[in-house]
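Listed below are the residues making up each chain.
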Protein chains: 2
Amino acid sequence: MTIHSKTNHCKIVDCTVRDGGLVNNWDFSIEFVQDLYESLNESGVEYMEVGYKNSPKLLKSEGSEGPWRFLNDDFLRKVIGEKKKTKLSALVDVGRVDEADILPRSESMLDLIRVACYARDTEKALELVSLFHDRGYETTINIMALSNVMDNELNESLAMIDESPVDFVYIVDSYGSLDPDDMRYLVEKFRRNLNNKRLGVHTHNNLQLAFANTLTAAQMGVELLDASVYGMGRAAGNTPTELLLAKLTKPDYNLRPILGMIEKHMIKLREKEEWGYLIPDMVTGALDEHPRSAMGWRASANRDKFMDFYDKMTTPEVFHGK
Amino acid sequence: MTIHSKTNHCKIVDCTVRDGGLVNNWDFSIEFVQDLYESLNESGVEYMEVGYKNSPKLLKSEGSEGPWRFLNDDFLRKVIGEKKKTKLSALVDVGRVDEADILPRSESMLDLIRVACYARDTEKALELVSLFHDRGYETTINIMALSNVMDNELNESLAMIDESPVDFVYIVDSYGSLDPDDMRYLVEKFRRNLNNKRLGVHTHNNLQLAFANTLTAAQMGVELLDASVYGMGRAAGNTPTELLLAKLTKPDYNLRPILGMIEKHMIKLREKEEWGYLIPDMVTGALDEHPRSAMGWRASANRDKFMDFYDKMTTPEVFHGK
């Protein structure tokens, strides 16, 4: 069945390169990124997040990561060439970005800069937001790990955000632990506390609820919907872009070009790299824990010992805190 | 996060052997079925559907299918040995079951017999239900392909069902095309039209909404929740049993034994057999079509040609009806 006019306010932010880069150390070929840009554009997707704009001076470079980890404007200009309808976005982390790296928007390929932070760093994040705003960009603030923030702290953050120039405030389910009821609660809470802001949502698929949570948010009026092609993203991955295109009835959306992208690139990639519904990620999602324990487990020789992982995660003597 | 007391009325019906058998031609070893029974029992799962009770005389046997396709009471008694808390269920299809094959419940290992039918066969299905009811079984009627039934026909079916002795009436999303709004609509409709019946739900995961749809139904008071371990079921598969165990807070439920089942059997099995989120199944789900076209496509040399499949399914000249 289809979701009708209730979601025509939505815009998709495809995070395949940025969040998917956490899976393959940003080892995407130029052809991959060009094909992705073309297919997103033809599918009517409004934004493509093409990487991180952190500084290699402030975040230890491994030397082996792909170029989408530390986006360079000249490089990006060569890759994308001519900008089409789909706008470009980059993510920065608080404390990891060099302000001097961010050109004025008029000289940049980027349209949207998103600042990710924990609630405790809201003030620092908003300083960055103001700077990017003054340089002409659309901006978002993405507060991570909402399921682990105490209400008084979150309320303070939201009050500061409401006074800032940021355009969009994200509800981020970092641990993939939320269900549609939780999402409804958070959208209502953000609405109550933010008089002047538009909302976005970023979900993870640990409990196979990423798409359902995103639909819930969309139907409640949330505008920016993060997704990635074939769900590629850290650990359990994200809401699949193709499901949003298939389900939202916005007249501009077209599923077919993204199916071509999946056919040409994603099936092979998924054979080489691992993301999606995996039992250790399901366990951390159900326990409302950071996925790092699950990712570490999958990288070990015990990767398929699910009962041992469950025991480790649920035995207080073994697992002290997060 | 957890779903609290709102779902303590629920019971899980694990369909791994029955619906999963559609994937591997019921080629489950006796050890697999014994381990599954043990782990479901230890996990607190209320029902295990151990196969089909159709007759090989009325449904052409291929000769190659496993014994769970045409359940034999003596065989089942040897396999299960001692019955524990988890009850046993079998499914029959209208026109495919020989009444003489169904022992009185007092002489059988089975507790629950479920009758699957299309809306047009409701009357025949209810004759079977009455017979099984008289022989002492709990009974359900599972109307398939609800998303393709006209309302007047469904209303007639429900009126007949309400007068019958059947215990549970299932909402079945055969095509995996429903979303949580559709599920809410159907639960309300079934409630309005059925004064004396309890409800069950069976979902498919074509749009990654199987679990969300099942949770929606559960929160609205639906009692029997179909699921299968690691989601194993035809095409896109079902709601994963492990997600229900992780998410419902019924005190009897325990996730750990099912993780052991997945670890011991399901990972290997998934490497050999295919089910779960696959693009052709996503396309048939989005188009509200029977999964057979997707399954046929996946069995062909074009299995990864997603754009061609999409074109075939959306071009009226090529695709005439269902």
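Residues numbered from 1 in each chain as written. Chains lettered and ligands numbered in written order. Predicted model: local features only at pLDDT ≥ 70, side-chain atom pairs only at ≥ 80, totals over all residues. Heavy atoms only, no water.

The name an unreviewed UniProt entry gives chain A is Nucleoid-structuring protein H-NS, with Cohnella kolymensis as the organism.

Caption draft 1: Representation of the overall build of chain A. Summing up its helical and strand segments, chain A has 12 helices and 8 strands in all. In terms of C-alpha radius of gyration, chain A reaches 19 Å, essentially the compact-globule figure of 20 Å for 322 residues. Dimensions of chain A along its principal axes, counting C-alpha atoms only, are 55 × 50 × 45 Å. A burial count over chain A gives 61% of its 322 residues as buried. Residue pairs in contact within chain A that sit at least 24 positions apart in sequence constitute 76% of those at least 6 positions apart. For chain A, the accessible area works out to roughly 12200 Å², and carbon and sulfur atoms hold 47% of it. Placing the 39 positive and 51 negative side-chain charges of chain A at their respective mean positions leaves the two points 2 Å apart. (Helix = DSSP H or I, 4+ residues; strand = E, 2+ residues; numbered from the N terminus. Rg over C-alpha atoms; globule rule 2.2 N^0.38 Å. Buried < 20%, exposed > 50% of the residue type's maximum accessible area, 1.4 Å probe, protein only. Contact = heavy atoms within 4.5 Å. Areas by Shrake-Rupley, 256 points an atom, 1.4 Å probe, with all protein chains shown as cover. Lys, Arg positive; Asp, Glu negative; His and termini not counted. Charge placed at Lys NZ, Arg CZ, Asp CG, Glu CD.)

Caption draft 2: Here's a closer look at empty space enclosed by the protein. All names here are of chain B. Taken as a whole and judged by the stated rule, the model has 2 cavities of 30 Å³ or more. Counted as a void, the largest cavity has a volume near 40 Å³. Counted by class, the lining of the largest cavity contains 3 nonpolar, 4 polar and 1 charged residues. Quantified by volume, the second largest cavity comes out at close to 30 Å³. What lines the second largest cavity is simply Ser174, His204, Asn206, Arg234, Ala235, Ala236 and Pro291. Considered class by class, the residues forming the lining of the second largest cavity number 3 nonpolar, 3 polar and 1 charged. (1 Å grid on protein atoms, 1.4 Å probe; cavity = no way out; pocket = protein on both sides within 12 Å on 5 of 7 lines; lining within 4 Å. Points joined across faces, edges and corners; volume = space filled by probe spheres on them. Nonpolar A, V, L, I, M, F, W, Y, C, P; charged D, E, K, R; others polar.)

Caption draft 3: Expanded view of the UniProt feature "domain: Pyruvate carboxyltransferase" (unreviewed entry) in chain A. The UniProt feature table records "domain: Pyruvate carboxyltransferase" (unreviewed entry) at residues 10-263 of chain A. Between the end C-alpha atoms of residues 10-263 of chain A there is a gap of 26 Å, over a span that is 37% helix and 17% strand. (UniProt positions renumbered as here; feature names shortened; annotations may be inferred.)

Caption draft 4: Geometry of the relation of the copies chain A and chain B. Mapping chain A onto chain B calls for a screw motion: a turn of 180° about the axis and a shift of 0.0 Å along it, with 0.0 Å RMSD after fitting. When the rotation and shift are considered jointly, the pair of chain copies conforms to a two-fold rotation axis. Most of the interface of chain A is mirrored in chain B: 100% of its interface residues are interface residues there too. (Least-squares fit on C-alpha atoms with pLDDT ≥ 70 in both.)

Caption draft 5: View of the interface of chain A and chain B. Listed per partner, the contact involves 42 residues of chain A and 42 residues of chain B. Summed over both partners, the interface of chain A with chain B comes to about 3900 Å²; 62% of that surface belongs to carbon and sulfur atoms. Linking chain A to chain B there are 6 salt bridges. Residue aspartate 181 of chain A is joined to lysine 6 of chain B by a salt bridge in which the shortest nitrogen-to-oxygen separation is 3.3 Å. (Buried area = accessible area lost by both parts, 1.4 Å probe. Salt bridge = Lys/Arg side-chain N within 4 Å of Asp/Glu carboxyl O.)

Caption draft 6: Just the packing of helix 10 (residues 279-287) of chain B against helix 12 (residues 306-314) of chain B, in detail. Residue and element names in this part refer to chain B. The N-to-C vectors of helix 10 and helix 12 enclose an angle of 25°; their axes lie 10 Å apart at closest approach. The angle between helix 10 and helix 12 places the two elements in the roughly parallel class. In the crossing of helix 10 with helix 12, the sense of the turn from one axis to the other is right-handed. For the pair helix 10 and helix 12, contact is made by Ile279, Pro280, Val283, Thr284 and Leu287 and by Phe306, Phe309, Tyr310, Met313 and Thr314, respectively. Across the contact of helix 10 with helix 12, the residue classes tally to 8 nonpolar, 2 polar and no charged. (Axes fitted to C-alpha atoms, helices over the stretch in contact; angles between N-to-C directions. Parallel < 35°, antiparallel > 145°, perpendicular 65-115°, else oblique. Left-handed = near helix turned anticlockwise from the far one by under 90°.)

Caption draft 7: Just the sheet that holds strand 8 (residues 224-227) of chain B, in detail. Residue and element names in this part refer to chain B. The strand order around the closed barrel formed by 8 strands is 1-2-3-4-5-6-7-8, and the pairing between neighbours is parallel. Taken pair by pair, the neighbouring strands of this sheet meet at an average axis angle of 25°, ignoring direction. Here strand 1 (residues 11-14) pairs with strand 8 via 4 bridges, running parallel. Paired with aspartate 14 across the strands is alanine 227, a residue of strand 8. Contacts from helix 5 (residues 151-162) reach strand 5 (138-143) and strand 6 (168-172), with the element oriented near 175° to strand 5. (Pairing = 2+ DSSP bridges.)

Caption draft 8: Examining helix 9 (residues 256-272) of chain A more closely. Over its 17 residues, helix 9 of chain A extends 24 Å from the first C-alpha to the last, a length consistent with the 24 Å expected when each residue adds 1.5 Å. Helix geometry: helix 9 of chain A is bent most strongly at histidine 265 of chain A, by close to 45°. Among the residues of helix 9 of chain A, Pro257, Ile258, Leu259, Gly260, Met261, Ile262, His265, Met266, Ile267 and Leu269 of chain A are the ones counted as buried. Turning to helix 9 of chain A, the residues buried within the fold contact helix 1 (16-24), helix 2 (30-43) and helix 8 (241-247) of chain A together with helix 10 and helix 12 of chain B. (Expected span 1.5 Å × (residues − 1). Bend = angle between axes of the 7 residues up to and from the residue.)

Caption draft 9: Region of the structure containing the packing of aromatic side chains. All told, the structure shown has 10 aromatic pairs over all chains when counted by the stated rule. Ring geometry for tryptophan 68 of chain B and phenylalanine 75 of chain B: centres 5.2 Å apart, planes at 50°, overall tilted. Taking 5.3 Å as the distance between ring centres and 50° as the angle between the ring planes, the aromatic pair formed by tryptophan 297 of chain B and phenylalanine 309 of chain B counts as tilted. Here tryptophan 297 of chain B, found in helix 11 (residues 292-298), pairs with phenylalanine 309 of chain B, found in helix 12; they are 12 residues apart in sequence, far enough to count as distant. Of the residues examined, tryptophan 297 of chain B reaches a relative accessible area of 12% and is grouped as buried. One Lys or Arg, arginine 69 of chain A, reaches over the ring of tyrosine 52 of chain A and ends 4.9 Å from the middle of that ring. (Phe/Tyr/Trp six-rings, centres within 6.5 Å; stacked < 30°, edge-to-face > 60°. Lys NZ or Arg CZ within 6 Å of the ring centre and 35° of its normal.)

Caption draft 10: A look at the sheet that holds strand 6 (residues 168-172) of chain A. All names here are of chain A. Taken in spatial order, the 8 strands of this closed barrel run 1-2-3-4-5-6-7-8, and their pairing is parallel. Within this sheet the neighbouring strands show an average axis-to-axis angle of 25°, counted without direction. Examined bridge by bridge, strand 1 (residues 11-14) and strand 2 (residues 47-52) share 2 bridges and lie parallel to one another. Paired with valine 13 across the two strands is tyrosine 47, which belongs to strand 2.

Caption draft 11: Structural context of the layout of surface pockets. Roughly 1300 Å³ of internal volume is contained in the largest pocket. Lining the largest pocket are 43 residues, and of these Arg270, Trp275 and Tyr277 of chain A together with Arg270 and Trp275 of chain B lie nearest its centre. Elements with a minimum of two residues in the lining of the largest pocket: helix 9 of chain A together with helix 9 (256-272) of chain B. A per-class count over the lining of the largest pocket returns 19 nonpolar, 10 polar and 14 charged.

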